[in-house]
Amino acid sequence: MNYTGIIDKYRDRLPVAPRTKAVTLNEGATPLVELVNLPRVLRRDVRLFAKFDGLNPTGSFKDRGMTMAVTRAAEEGARAIICASTGNTSAAAAAYAARAGMACFVLIPEGKIALGKLSQAMMHGSVVLQIRGNFDDGMRLVQQIGARLPVEIVNSINPYRIQGQKTVAFEVIEALGAPPDYHALPVGNAGNITAHWIGYSESAGAQTAALKVSPGMRDYGRRAIADRRPVMVGYQAAGAAPIVRGRPVENPETVATAIRIGNPVSWQQALAASRESGGWFSECTDQEILRVQKLLARSEGVFCEPASAIALAGVLQDLEIGRIGAGSTVVCTLTGHGLKDPDTAIAQSAKPLTVDADLTAIERLISERLPGTAATSS
Ligand code: F0G
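Here's a quick rundown of the structure. Just so we're clear, the structure is a prediction, and the values are computed from it rather than from any experiment.

**Some thoughts on the overall build of the protein chain**
Stage number 1. When helices and strands are tallied, the protein chain shows 15 helices and 10 strands.
Stage number 2. The C-alpha atoms of the protein chain give a radius of gyration of 21 Å, which matches the 21 Å a tight globule of 378 residues would have.
Stage number 3. Based on the C-alpha atoms only, the size of the protein chain along its principal axes is roughly 65 × 50 × 45 Å.
Stage number 4. For the protein chain, buried positions account for 57% of its 378 residues.
Stage number 5. Across the protein chain, every contact between residues at least 6 apart in sequence was considered, and the portion connecting residues at least 24 apart equals 70%.

Put into structure tokens, the structure is as follows:
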């Protein structure tokens with residue numbers, strides 16, 4: 001049967017009625033890719049998996065939450081949605097609003113969102129408001145507008161977003177047959193780590209304080225399909241690490257623009273997830289984020305955006321210091337596709353070689369670079 005997205009697949013575990021018609025782009029069912037080369041290259045005894053949520057329809061995990069938020073908004077008769085965004089939420093909101101025939105307003109920090117994401121919000125016909133301010137300013141304004149105008153907020157303070165995003169945990173358990181020992185992910189506004197934890201908790205038939213924040217939400221279909229929950233590990237960029245440092249960051253800065261956030265909305269829920277799971281938050285430098293983004297692309301053929309690479313960068317750091325023990329099974333959620341941010345990818349890669357359309361010249365260039373020749377064996 002044709003796969004039709006997370007709402008149809010997990011209807012009995014989501015806050016939707018049996019007859020609710022999903023606004024869907026067939027999101028979810030993303031691959032869990034085992035990273036087979038990295039442990040060998042790094043000489044680490046670990047089973048590493050990438051849950052490649054960048055392969056969702058708009059290229060990020062936001063689609064899991066957006067199908068729920070827009071489905072419910074449509075059901076309740078909303079005609080317009082709004083969000084603040086570092087890029088991916090705006091791309092997903094714009095696409096699902098288009099699907100539902102709704103108007104969409106997005107507030108983005110001027111000049112600070114990756115090109116691919118901006119092109120999506122524009123192409124799907126949303127009204128793009130570039131604000132002279134950062135994501136946190138946008139988030140505050142969206143909450144104020146939501147109270148004044150008939151627009152549904154589709155940021156992760158919308159509890160349906162978190163509910164949709166929890167399905168990633170269901171898929172990981174299905175793919176592995178059990179939860180991993182550790183689940184690592186980037187933390188920006190902190191909704192996704194909350195969602196992962198709710199999904200794992202429900203799957204283990206366990207309670208979590210992370211659910212409390214969602215007004216009107218209850219536990220949907222707690223069912224013990226797993227006998228335990230993973231340790232949740234969240235990573236923030238060094239220049240935007242409010243949770244790690246224990247206080248808001250006034251002017252967050254990082255090359256990983258998706259997580260350039262100084263005062264996350266789901267801070268408390270993320271802390272609950274971390275505490276209950278026996279996990280931790282840690283930070284990575286921009287340099288390390290970019291190094292690992294490239295390492296992943298070159299050694300495994302997996303291209304994710306910088307913010308996503310931090311999950312793996314953090315895991316490699318924590319393997320190094322023994323915080324993640326030998327023999328562990330670790331899943332990293334790769335939250336967004338590398339194509340979202342072509343500028344950053346190109347800036348850190350070797351320039352293309354420009355050459356005449358001439359057989360001899362091209363043959364020479366290739367010969368010099370074949371495996372085993374001087375130029376490649378260094
Ligand atoms: N990774 C990517 C690629 C993201 O776009 C985001 C958040 C995160 C990780 C962090 O997830 O906020 O749930 O902790 N992007 C939001 C946006 C803020 O507007 O697109 P989080």
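**Description of the packing of helix H12 (residues 286–300) against helix H13 (residues 306–320)**
Stage number 1. Interaxial distance between H12 and H13 falls to 8 Å at its minimum, and their mutual angle equals 95°. With respect to each other, H12 and H13 are oriented roughly perpendicular. Across the interface between the two elements, Glu288, Ile289, Leu290, Val292, Gln293, Leu295 and Leu296 of H12 pack against Pro306, Ala309, Ile310, Leu312, Ala313, Leu316 and Gln317 of H13.
Stage number 2. Considering only residue class, the contact of H12 with H13 consists of 11 nonpolar, 2 polar and 1 charged.

**As for the site of the ligand**
Stage number 1. Surrounding the ligand, one finds 20 residues, the nearest of these being Ser85, Asn189, Ala190, Asn192 and Thr335.
Stage number 2. Within the backbone of glycine 188, an N or O atom sits 2.8 Å from an oxygen atom of the ligand.
Stage number 3. Taking glycine 191, its main chain carries an N or O atom lying 3.1 Å from an oxygen atom of the ligand.
Stage number 4. Contact with the protein chains covers 98% of the free accessible surface of the ligand, which is 480 Å².
Stage number 5. Comparing atom positions with the cavity grids shows the ligand to sit within the largest cavity.
Stage number 6. Secondary-structure elements contributing two or more residues to the shell around the ligand are helix H4 (88–100) and helix H9 (191–203).
Stage number 7. Looking at side-chain class alone, the shell around the ligand contains 7 nonpolar, 11 polar and 2 charged residues.

**Notes on unusual backbone geometry**
What you tend to see is this: most non-glycine residues have negative phi, and most peptide bonds are trans.
Stage number 1. Positive phi is not limited to glycine here, since arginine 43 has a value of about 55°.
Stage number 2. Positionally, arginine 43 belongs in the loop between helix H2 (38–42) and strand E2 (46–52).
Stage number 3. Even without being a glycine, alanine 190 presents a positive backbone phi close to 75°.
Stage number 4. Within the element layout of this structure, alanine 190 appears in the loop between strand E7 (182–186) and H9.

**As for the environment of alanine 224**
Stage number 1. By secondary structure assignment, the location of alanine 224 is in the loop between H9 and strand E8 (231–237).
Stage number 2. Measuring from C-alpha to C-alpha, the distance between alanine 224 and cysteine 332 comes to 23 Å, with 108 residues separating the pair along the chain.

**Details of the nonpolar core**
General note: in soluble globular proteins, nonpolar side chains tend to be found buried as a group.
Stage number 1. Grouped together as the largest cluster of nonpolar side chains are 35 residues, with contacts concentrated most on Tyr235, Leu296, Leu312, Val315 and Ile324.
Stage number 2. Among the secondary structure elements, those contributing two or more residues to this core are E2, E7, E8, strand E9 (280–284), H12, H13 and strand E10 (328–334).
Stage number 3. The biggest single contributor to this core is H13, with 9 residues.
Stage number 4. Among the nonpolar cores identified, the runner-up in size contains 23 residues, and Ile193, Ala210, Met232 and Ile243 belong to it.

**Digging into empty space enclosed by the protein**
A probe as big as a water molecule, rolled over the atoms, marks out the empty space that is left.
Stage number 1. Under the definition given, this model contains 1 cavity of 30 Å³ or more.
Stage number 2. Here the largest cavity is characterised by a volume of approximately 320 Å³.
Stage number 3. Forming the walls of the largest cavity are 27 residues, and the residues nearest its centre are Phe61, Lys62, Gly188, Asn189 and Ala258.
Stage number 4. Where the lining of the largest cavity is concerned, the elements lending two or more residues are H4, helix H7 (159–165) and H9.
Stage number 5. Along the lines of polarity and charge, the residues of the lining of the largest cavity split into 11 nonpolar, 13 polar and 3 charged.

**Some details on the sheet that holds strand E6 (residues 152–153)**
Stage number 1. The parallel open sheet is built from 4 strands, whose spatial order is E5-E4-E3-E6. Each edge of the open sheet carries a strand with a single partner, namely strand E5 (127–131) and E6.
Stage number 2. In the sheet, strand E4 (residues 103–109) pairs with E5 via 5 bridges, with the strands oriented parallel. Residue phenylalanine 105 lies in a different strand from E5, and its bridge partner there is valine 127.

**Remarks on the packing of aromatic side chains**
Stage number 1. The final tally for this structure, using the stated rule, is 2 aromatic pairs.
Stage number 2. Here the guanidinium or amino end of arginine 13 rests over the ring plane of phenylalanine 170, the centre of that ring lying 4.1 Å away.

**A closer look at the environment of tyrosine 3**
Stage number 1. Its location among the elements puts tyrosine 3 in the segment before helix H1 (6–9).
Stage number 2. Note on tyrosine 3: relative accessible area 25%, which makes it partly exposed.
Stage number 3. Ignoring anything within four residues of it in the chain, the contact list for tyrosine 3 reads Lys9, Asn26, Glu27, Gly28, Ala29 and Glu171.
Stage number 4. There is a polar contact of 3.5 Å between the side chain of tyrosine 3 and the backbone nitrogen of alanine 29.

**Thoughts on the pattern of salt bridges**
Stage number 1. Counted by the stated rule, this structure contains 20 salt bridges.
Stage number 2. Between arginine 64 and aspartate 53 there is a salt bridge whose closest N-O contact spans 2.8 Å. Linking arginine 64 in helix H3 (residues 62–75) with aspartate 53 in the loop between E2 and H3, this pair joins segments that are 11 residues apart in sequence.
Stage number 3. Relative accessible area serves as the criterion here: at 1%, aspartate 53 is assigned to the buried category.
Stage number 4. For the salt bridge of glutamate 368 with arginine 369, the shortest nitrogen-to-oxygen distance reads 3.2 Å.
Stage number 5. Note on arginine 369: relative accessible area 40%, which makes it partly exposed.

Cut-off values and rules
- Residues numbered from 1 in each chain as written.
- Predicted model: local features only at pLDDT ≥ 70, side-chain atom pairs only at ≥ 80, totals over all residues.
- Heavy atoms only, no water.
- Helix = DSSP H or I, 4+ residues; strand = E, 2+ residues; numbered from the N terminus.
- Rg over C-alpha atoms; globule rule 2.2 N^0.38 Å.
- Buried < 20%, exposed > 50% of the residue type's maximum accessible area, 1.4 Å probe, protein only.
- Contact = heavy atoms within 4.5 Å.
- Axes fitted to C-alpha atoms, helices over the stretch in contact; angles between N-to-C directions.
- Parallel < 35°, antiparallel > 145°, perpendicular 65-115°, else oblique.
- Nonpolar A, V, L, I, M, F, W, Y, C, P; charged D, E, K, R; others polar.
- Near = heavy atom within 4 Å.
- Polar contact = N/O pair within 3.5 Å; in protein donor to acceptor, adjacent residues only side chain to side chain.
- Areas by Shrake-Rupley, 256 points an atom, 1.4 Å probe, with all protein chains shown as cover.
- 1 Å grid on protein atoms, 1.4 Å probe; cavity = no way out; pocket = protein on both sides within 12 Å on 5 of 7 lines; lining within 4 Å.
- Sits in = over half its atoms within 2 Å of the grid points.
- Core = buried A, V, L, I, M, F, W, Y, C linked by side-chain atoms within 4.5 Å.
- Points joined across faces, edges and corners; volume = space filled by probe spheres on them.
- Pairing = 2+ DSSP bridges.
- Phe/Tyr/Trp six-rings, centres within 6.5 Å; stacked < 30°, edge-to-face > 60°.
- Lys NZ or Arg CZ within 6 Å of the ring centre and 35° of its normal.
- Salt bridge = Lys/Arg side-chain N within 4 Å of Asp/Glu carboxyl O.

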